[in-house]
Amino acid sequence: MTRLPLFALILAGSAAAMPVAAQQQTVDAEKINQVIIYGDDKCEQSSPDEIVVCNRLPETERYRVPQMLRGNPLDVRNEAWANKVVALERVGRFGTDSCSPTGLGGFTGCTQALVAGAKAERQAANKTDWQTMIADERAKRIAGIDAAADEVEAAVVAEERALAERQKAAEELERQANGQAPAQPAPDEADAAPLPPPPQN
């Protein structure tokens, strides 16, 4: 009998515990494709089920090493001030979660410090604001949908007006063929109502 690893059982249990609505929402979530293009390269158009966001860089950057990997990463001048301040805050800390060789459990906390430093470096190196670009592309798509809806509505109104005019012309031709007098336009309610009597002095 084959025994499944513990993490496989946990993953299977968590997937089964998810409600159906949450699973469907995960499937139906919109796809976002983040692309880096260079020079005059064409940015793909967004499709109805996918948003394409392009970050355009100059042509000279096409075959270069990425900006975050240039230079000496261990140079003190490349270290962010936030990391220096955090390093100063850790001076004198020892014990559990301190990532220091001093005190009981001083070795703990090194993983958290490594992860926090890597996250800070990544945020400092990546200058592309993908969230803003995605929001702009989503707003552009909504504006295009609204414009298309306005055009369709205008076309429907024009077609209804043309249909009414054609029906009216057909009725006039039918009356003329039958020898009837042309229909008079119905008076407005304001014109049909009697005028109020003048005030008596």
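Residues numbered from 1 in each chain as written. Predicted model: local features only at pLDDT ≥ 70, side-chain atom pairs only at ≥ 80, totals over all residues. Heavy atoms only, no water.

Draft legend 1. Highlighting the overall build of the chain. Along the backbone of the chain there are six helices and two strands. The secondary structure elements of the chain, listed N-terminal to C-terminal, are α-α-β-β-α-α-α-α. Within the chain, buried positions represent 9% of all 201 residues. (Helix = DSSP H or I, 4+ residues; strand = E, 2+ residues; numbered from the N terminus. Buried < 20%, exposed > 50% of the residue type's maximum accessible area, 1.4 Å probe, protein only.)

Draft legend 2. Summary view of the state of the cysteines. The full count for this structure, using the stated rule, is one disulfide. The residue that forms a disulfide with Cys 43 is Cys 54, at a sulfur-sulfur distance of 1.9 Å. Classification of the bridge connecting Cys 43 and Cys 54 rests on its S-S torsion, roughly 80 degrees, and on that basis the disulfide is right-handed. Placement of the pair is Cys 43 in the loop between strand 1 (31–38) and strand 2 (50–57) and Cys 54 in strand 2, with a sequence separation of 11 residues. Classification of Cys 43 as partly exposed rests on a relative accessible area of 22%. The exposure class of Cys 54 is buried, given its relative accessible area of 18%. (Disulfide = S-S within 2.5 Å.)

Draft legend 3. View of the pattern of salt bridges. In this structure the tally under the stated criterion is six salt bridges. The salt bridge partner of Asp 41 is Arg 62, with a shortest N-O separation of 2.9 Å. Taken as a pair, Asp 41 in the loop between strand 1 and strand 2 and Arg 62 in the loop between strand 2 and helix 3 (81–89) lie far apart in primary sequence, 21 residues in all. A single network of salt bridges, built from pairs that share partners, joins Asp 41, Glu 59 and Arg 62. (Salt bridge = Lys/Arg side-chain N within 4 Å of Asp/Glu carboxyl O.)

Draft legend 4. Quick peek at a nonpolar patch on the surface. On the surface, Val 65, Met 68 and Leu 69 cluster together to form a nonpolar patch covering roughly 310 Å² of accessible area. Mapped onto the secondary structure, Met 68 falls in the loop between strand 2 and helix 3. (Patch = residues over 30% accessible without salt bridge, like charges linked within 9 Å, V, L, I, M, F, W, Y side chains within 5 Å. Areas by Shrake-Rupley, 256 points an atom, 1.4 Å probe, with all protein chains shown as cover.)

Draft legend 5. Representation of the confidence of the model for the chain in the model. Predicted confidence across the chain gives a mean pLDDT of 75, with 73% of residues reaching 70 or more. In the predicted structure, residues 4–12 sits below a pLDDT of 50 and forms one contact with residues beyond four places in sequence or in another chain. Scored below 50 in pLDDT, residues 14–27 makes three contacts in the model with residues more than four places away or belonging to other chains. (pLDDT = per-residue confidence, 0-100. Contact = heavy atoms within 4.5 Å.)

Draft legend 6. Just a negative patch on the surface, in detail. Taken together, the side chains of Asp 146, Asp 150, Glu 151 and Glu 153 define an acidic patch exposed on the protein surface. Examined against the element boundaries, Glu 151 turns out to sit in helix 5 (residues 130–178). (Lys, Arg positive; Asp, Glu negative; His and termini not counted. Charge placed at Lys NZ, Arg CZ, Asp CG, Glu CD.)

Draft legend 7. Structural detail: helix 5. Between its first and last C-alpha atoms helix 5 spans 72 Å; for 49 residues at 1.5 Å apiece the expected length is 72 Å, and the two agree. Every buried residue belonging to helix 5 is among Trp 130, Ile 134 and Glu 137, and all of these are buried. Tucked into the core, helix 5 has its buried residues touching strand 1 and strand 2. Phi for Gly 179, located one or two positions after helix 5, is positive at around 80 degrees. (Expected span 1.5 Å × (residues − 1).)

Draft legend 8. Spotlight on the environment of Asn 33. For Asn 33, the location among the structural elements is in strand 1. What Asn 33 contacts, discounting residues up to four positions off in sequence, is Glu 50, Ile 51, Val 52 and Val 53.

Draft legend 9. Structural view of the environment of Asn 55. Within the secondary structure, Asn 55 is located in strand 2. C-alpha of Asn 55 to C-alpha of Met 133: the two residues are 78 residues apart in sequence and 8.4 Å apart in space.

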